[in-house]
Amino acid sequence: MKKLLVTGGAGFIGANFVHYWMAKYPADKVVVLDALTYAGNMANLDSVKDEGNFTFVHGNICDQALVEALLIEQGIDTLVHFAAESHVDRSITGPDAFIETNIMGTYSLLKAAKKVWLDGKSILEGHRFHHVSTDEVYGTLLATDPAFTEDTAYAPNSPYSASKAASDHLVRAYHHTYGLNVTTSNCSNNYGPFHFPEKLIPLVVTNILHNKALPIYGDGQQIRDWLYVEDHAYGIDLVLQNGRVGENYNIGGDNEWANIDIVKTISKLVEQEFIKNKALATRFPNAKAAIEQNTESLITYVKDRPGHDRRYAIDATKTNNELGYQPKESFETGIAKTVAWYLDNESWWQSVMDGSYQNWIAEQYSST
Ligand code: NAD
Ligand code: TYD
C-alpha cells in the first residue's frame, strides 16, 4: 500500500492521475497539495473528494515547512510532482511565476523530501520522488529529425520549458548528490477531460460552441505529438512500479499532428455531434449558426507565438521496452471521447473560464 502526495492534483493531468490511481489502487492513500491557481479547480476532484483515503490540502509547494509536515504527518512514501505553471503563452508574457513555481517550488519539494526521507534518524527505504516533466525541454525538431529520446540534449526555448528543464536538472542532482530515489517522465502534449480551455484542443471546442474565432498561430504547420491524458497516468504508474531510480522515461503517443489538421478534425467532430444530437443546437444556438455555415470558417490565422517550437515528437522506445508501455487509447477514440466530454460538461468549462481568465485573454488580444 502506497501513501502518495500528489502536487498539482487539482489541475488537468494531476486530477486525471488521481482518478486513475484511486480507481486502480483503492487501498492506497492519496493526499493532494494544490495552490488552486487559475488552473486548479476543486471541481476536478469532485468524484473522489469524499473518499476516506483522499485528503485535499490547499497550499503552495514553495512552502517547505508545510510539505515537510505533510510528508511526516501523512506518512507519505511517494511524491508525484505535477504542480507547475504550464502554459507557454503565459510564460512569454509573465515568466516570474514559472521561475517561482517550476524551479523554486521543485527545489522546495526536493529539500523537504531530503530532510524527511534521508536526513532523519533513519532513511525511509522505498521512498520515491517522481517528477512529471515535458518533451518541451528537448527544444524543437525539424520535419525530418528523429524523435526525442532520453539522450537528446536539453535545449529549451520558452521560459516554460527552460523552467521545466531547470527543475529536471535539480531532481537529477538530488539523486546523484544525496541519493534521493527519483524518477522523471518527459511526456508529449496531453489532451482529455478537465483540460483548461486556454490550451489548443479545449480552446477550439469551446470557441466553436461560442461561435468565436479559432486562432491559429503562424502558418498552423507546427507539429505536436498528442497523448490521451489517461495514457500519461498509466505511463507514470509503470514508472512508479518498475522504473529504475535515477532514470528519465519518455512517454508519448507516436501521434504527430500539425495544429491546423487538429483544428479541422475537431471542427468536423463537433459538426457530426450536432448532426447526431439535435438537442445540441438548442443548447448552443451560437454554434448552430457557425456549424450550418461550416465550422472551419471560424479558423483565423493570427500572429505567431514568439520563439514558437516547430515540432515535438517523442521516441518512447525505452519506456516501451523496459516497462512494457503502450498507449491504450487511439487518437480517433481519444479525441471523440474528449469532444463528447466537453459537450457533456458545459458547466465545468463555463465555470473555469471565470473573470481572471477572460481578463488575461483580453490583455493578450489588446497587445497584439
Ligand atoms: P495545469 O496548469 O492544468 O495544472 C497545474 C496545477 O498545479 C494546478 O492545479 C495549479 O493550481 C497547481 N499549482 C500551480 N502552482 C502551484 C504551486 N506553487 N503550489 C501548488 N500547486 C500549484 O497543468 P497540467 O497541464 O496538468 O500539467 C501538469 C504537469 O505536467 C506540469 O508539471 C507540466 O509541466 C507537465 N506536463 C504537461 C503536459 C501537457 O500537455 N499539459 C505535457 C507534459 C508534461
Ligand atoms: P498549447 O496547447 O498551448 O500547448 P504547447 O504550446 O505546450 O504545445 O499549444 C499547442 C499548439 O497549438 C502550439 O503549437 C501552439 C498552437 N496554438 C495555436 O495555434 N492557437 C492557440 O490559440 C493556442 C492556444 C495554441
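The structure presented is a predicted model; accordingly, all values stated were derived computationally and were not measured.

Observations concerning the overall build of the protein
Then, in step 1: Within the protein, the secondary structure is distributed over 14 helices and 13 strands.
Then, in step 2: The C-alpha radius of gyration computed for the protein amounts to 20 Å, which stays within 12% of the reference 21 Å derived for 368 residues, consistent with globular compactness.
Then, in step 3: Across its three principal axes, the protein shows a C-alpha extent of roughly 70 × 45 × 40 Å.
Then, in step 4: Within the span of the protein, comprising 368 residues, buried residues form 54% of the whole.
Then, in step 5: Per element, the accessible surface of the protein, about 15300 Å² overall, is 51% carbon and sulfur.

What to know about the confidence of the model for the protein
Then, in step 1: On average, residues of the protein score 95 in pLDDT, and 96% of them reach the 70 mark or higher.
Then, in step 2: Mean pLDDT across the secondary structure elements of the protein bottoms out at helix 14 (residues 355-366), with 66, and peaks at strand 5 (residues 128-134), with 99.

Looking at helix 6 (residues 200-210)
Given 3.6 residues per turn, any residue in an α-helix points the same way as the ones three and four places further on.
Then, in step 1: In terms of residue burial, helix 6 counts as a mostly covered element, since 9 of its 11 residues are buried.
Then, in step 2: Looking at helix 6, one finds that the buried residues are Ile-201, Pro-202, Leu-203, Val-204, Val-205, Thr-206, Asn-207, Ile-208 and Leu-209.
Then, in step 3: With its phi angle positive at about 60°, Asn-211 sits one or two positions after the end of helix 6.

Some details on the pattern of salt bridges
Then, in step 1: The tally for this structure, following the rule as stated, stands at 16 salt bridges.
Then, in step 2: Note that Arg-310 and Asp-219 form a salt bridge whose closest N and O atoms lie 2.7 Å from each other. Of this pair, Arg-310 sits in the loop between strand 13 (299-302) and helix 11 (317-323) while Asp-219 is found in the loop between strand 8 (214-217) and strand 9 (223-225), placing the two residues 91 residues apart along the sequence.
Then, in step 3: You can call Arg-310 partly exposed: its relative accessible area is 38%.
Then, in step 4: Asp-219 sits in the partly exposed class, given a relative accessible area of 37%.
Then, in step 5: Here the salt bridges share partners, and the residues they tie into one network are Arg-244, Glu-247, Lys-318 and Glu-322.

A closer look at the packing of aromatic side chains
The description of two aromatic rings rests on the distance between their centres and on the angle between their planes.
Then, in step 1: Tallied over the entire structure, the rule returns 20 aromatic pairs.
Then, in step 2: Among the aromatic side chains, those forming a connected cluster through ring pairs are Phe-17, Trp-21, Tyr-25 and Phe-82.
Then, in step 3: Note that Arg-90 overlies the ring of Tyr-38, its terminal NZ or CZ placed 3.5 Å from the centroid.
Then, in step 4: If you follow Lys-328 out to its NZ or CZ, it ends over the ring of Tyr-234, 4.1 Å from the centre.

Quick look at the site of ligand 1
Then, in step 1: With respect to spatial proximity, 28 residues lie near ligand 1, and among them Ile-13, Asp-34, Ser-86, Tyr-160 and Lys-164 are the closest.
Then, in step 2: In the model, an oxygen atom of ligand 1 is placed 2.7 Å from a nitrogen or oxygen of the Ser-86 side chain.
Then, in step 3: Separating a nitrogen atom of ligand 1 from a side-chain N or O atom of Thr-101 is a distance of 3.0 Å.
Then, in step 4: About the coverage of ligand 1: the protein hides 96% of its 840 Å² of free accessible area.
Then, in step 5: Going through the elements one at a time, helix 1 (12-24), strand 5 and helix 5 (159-178) are the ones with two or more residues in the shell around ligand 1.
Then, in step 6: Residue composition of the shell around ligand 1, by class: 13 nonpolar, 13 polar and 2 charged.

Some thoughts on the packing of helix 1 against helix 7 (residues 229-242)
Then, in step 1: The N-to-C vectors of helix 1 and helix 7 enclose an angle of 60°; their axes lie 9 Å apart at closest approach. In the crossing of helix 1 with helix 7, the sense of the turn from one axis to the other is right-handed. Here helix 1 contributes Phe-12, Ile-13, Asn-16, Phe-17, Tyr-20, Trp-21 and Lys-24 to the contact with helix 7, which in turn contributes Val-229, Glu-230, His-232, Ala-233, Tyr-234, Ile-236, Asp-237, Leu-240 and Gln-241.
Then, in step 2: When its residues are assigned to classes, the contact of helix 1 with helix 7 shows 10 nonpolar, 3 polar and 3 charged.

Section: the site of ligand 2
Then, in step 1: By nearness alone, 17 residues border ligand 2, and Glu-136, Pro-215, Arg-224, Arg-305 and His-308 come closest of all.
Then, in step 2: Residue Leu-200 places a main-chain N or O atom 2.9 Å away from an oxygen atom belonging to ligand 2.
Then, in step 3: Contact between ligand 2 and Tyr-217: an oxygen atom at 2.9 Å from a main-chain N or O atom of the residue.
Then, in step 4: Here ligand 2, which alone exposes 510 Å², has 96% of that area covered by the protein.
Then, in step 5: Counting residues per element, the ones that place at least two in the shell around ligand 2 are helix 6 and strand 8.
Then, in step 6: Counting residues per element, the shell around ligand 2 draws most heavily on strand 8, at 3 residues.
Then, in step 7: By residue class, the composition of the shell around ligand 2 is 7 nonpolar, 5 polar and 5 charged.

About the cut-offs
- Residues numbered from 1 in each chain as written.
- Chains lettered and ligands numbered in written order.
- Predicted model: local features only at pLDDT ≥ 70, side-chain atom pairs only at ≥ 80, totals over all residues.
- Heavy atoms only, no water.
- Helix = DSSP H or I, 4+ residues; strand = E, 2+ residues; numbered from the N terminus.
- Rg over C-alpha atoms; globule rule 2.2 N^0.38 Å.
- Buried < 20%, exposed > 50% of the residue type's maximum accessible area, 1.4 Å probe, protein only.
- Areas by Shrake-Rupley, 256 points an atom, 1.4 Å probe, with all protein chains shown as cover.
- pLDDT = per-residue confidence, 0-100.
- Salt bridge = Lys/Arg side-chain N within 4 Å of Asp/Glu carboxyl O.
- Phe/Tyr/Trp six-rings, centres within 6.5 Å; stacked < 30°, edge-to-face > 60°.
- Lys NZ or Arg CZ within 6 Å of the ring centre and 35° of its normal.
- Near = heavy atom within 4 Å.
- Polar contact = N/O pair within 3.5 Å; in protein donor to acceptor, adjacent residues only side chain to side chain.
- Nonpolar A, V, L, I, M, F, W, Y, C, P; charged D, E, K, R; others polar.
- Axes fitted to C-alpha atoms, helices over the stretch in contact; angles between N-to-C directions.
- Left-handed = near helix turned anticlockwise from the far one by under 90°.
- Contact = heavy atoms within 4.5 Å.

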